[in-house]
Amino acid sequence: MGTFEKRLSLETREAFDFVDITDAVMEAVTASGVRSGRATVFSPAEGCSLLANERESGLLKDIKRAVAKLEAAGGDRGSLHIGASSIVIPVVDGALRLGTWQRLLLVELEGASDRAILIQLVGE
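Remember, predicted model here, so these are calculated numbers, not experimental data.

Regarding unusual backbone geometry
Even without a glycine there, the phi angle at Phe-16 is positive, about 65°. Looking at the secondary structure, you find Phe-16 in the loop between β1 (2-12) and β2 (18-20). Under the relative-accessibility criterion, Phe-16 is labelled buried at 5%. Residue Asp-93 is not a glycine yet carries a positive backbone phi of 55°. Note that Asp-93 resides in the loop between β5 (86-92) and β6 (95-96).

If you want it as structure tokens, here you go:
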């Protein structure tokens, strides 16, 4: 059993920007040589989250609507948590085991920023 790590640097443009990182994570899987195992994708920053979801326009609209309701009720956008700081995805036959339409998305919660994502693969 071996491990492989890769750091991904990316830029977000605004609050609630969605950045699709699926292809970059798959490139790390290919580079690692892992055929069977798991990929852990981790965001060390508090101002962004990770999701495994369909990338559709309705998702962004739903999140913006929820944030507007939170703010109207006196809530603080800084306390908003969407997704998680890490996601673990099975690697089967050298590929990420995602649902048919699922993508790995970084969701920016604060505003334009440079973000780092850590990808670790463990397996054979």
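Topic: the pattern of salt bridges
Inspection of every chain in the model, using the stated rule, returns 6 salt bridges. Here Asp-23 makes a salt bridge to Arg-103, at a shortest N to O gap of 3.3 Å. Of this pair, Asp-23 sits in helix α1 (residues 22-32) while Arg-103 sits in strand β7 (residues 102-108); the two residues are 80 residues apart in sequence, bridging distant segments of the chain. Owing to a relative accessible area of 25%, Arg-103 belongs among the partly exposed residues under this scheme. Here Arg-65 makes a salt bridge to Asp-62, at a shortest N to O gap of 2.7 Å. Of this pair, Arg-65 and Asp-62 both sit in helix α2 (residues 57-72), separated by 3 residues, roughly a single helical turn. Judged by relative accessible area, which is 43%, Asp-62 ranks as partly exposed. Ionic contacts of the salt-bridge type, sharing partners, join the residues Asp-20, Asp-23 and Arg-103 into one network.

Comments concerning the sheet that holds β6
Strand order in this open sheet of 5 strands is β1-β8-β3-β5-β6, and the pairing throughout is antiparallel. The strands lining the two open edges of the sheet, one partner per strand, are β1 and β6. In the sheet, strand β3 (residues 36-42) pairs with β5 via 7 bridges, with the strands oriented antiparallel. Bridging from a neighbouring strand, Val-41 pairs with Ile-87 of β5.

Side note on the side chain of Asp-17
With respect to the helices and strands, the residue Asp-17 is situated in the loop between β1 and β2. Non-local contacts of Asp-17, meaning those with residues more than four positions away in its chain, are made with Thr-12, Leu-106, Val-107 and Glu-108.

Section: the sheet that holds β2
Strand order in the open sheet made by the 3 strands is β2-β7-β4, with antiparallel pairing throughout. Where the open sheet ends on each side, the last strands, each with one partner, are β2 and β4 (48-54). When the angles between neighbouring strand axes are averaged without regard to direction, this sheet yields 35°. As paired elements, β4 and β7 share 7 bridges and run antiparallel to each other.

Parameters and conventions
Residue numbers here run from 1 along each chain, matching the order of that chain's written sequence. Local features are withheld for residues below a pLDDT of 70 in this predicted model, meaning they are given only at 70 or higher, and side-chain atom pairs are given and counted only at 80 or more; totals for whole chains, interfaces and linings count all residues. Note that water and hydrogens are dropped before the side-chain values are worked out from all heavy atoms of the structure. Helix and strand assignments follow DSSP, with helices taken as H or I runs no shorter than four residues and strands as E runs no shorter than two, numbered in order from the N terminus. Categorising residues by exposure relies on relative accessible area from a 1.4 Å probe, with only protein chains included: less than 20% of the type maximum marks a residue as buried, more than 50% marks it as exposed, and the intermediate range marks it as partly exposed. Each salt bridge in this description consists of a side-chain nitrogen of Lys or Arg and a carboxyl oxygen of Asp or Glu lying within 4 Å of one another. We call two strands paired when DSSP finds no fewer than two bridges between them. Whether two residues are in contact is decided by their heavy atoms, any of which lying within 4.5 Å being enough. Each axis is a line fitted through C-alpha atoms, and for a helix only the stretch in contact is used; angles between axes span 0 to 180 degrees, taken between their N-to-C directions.

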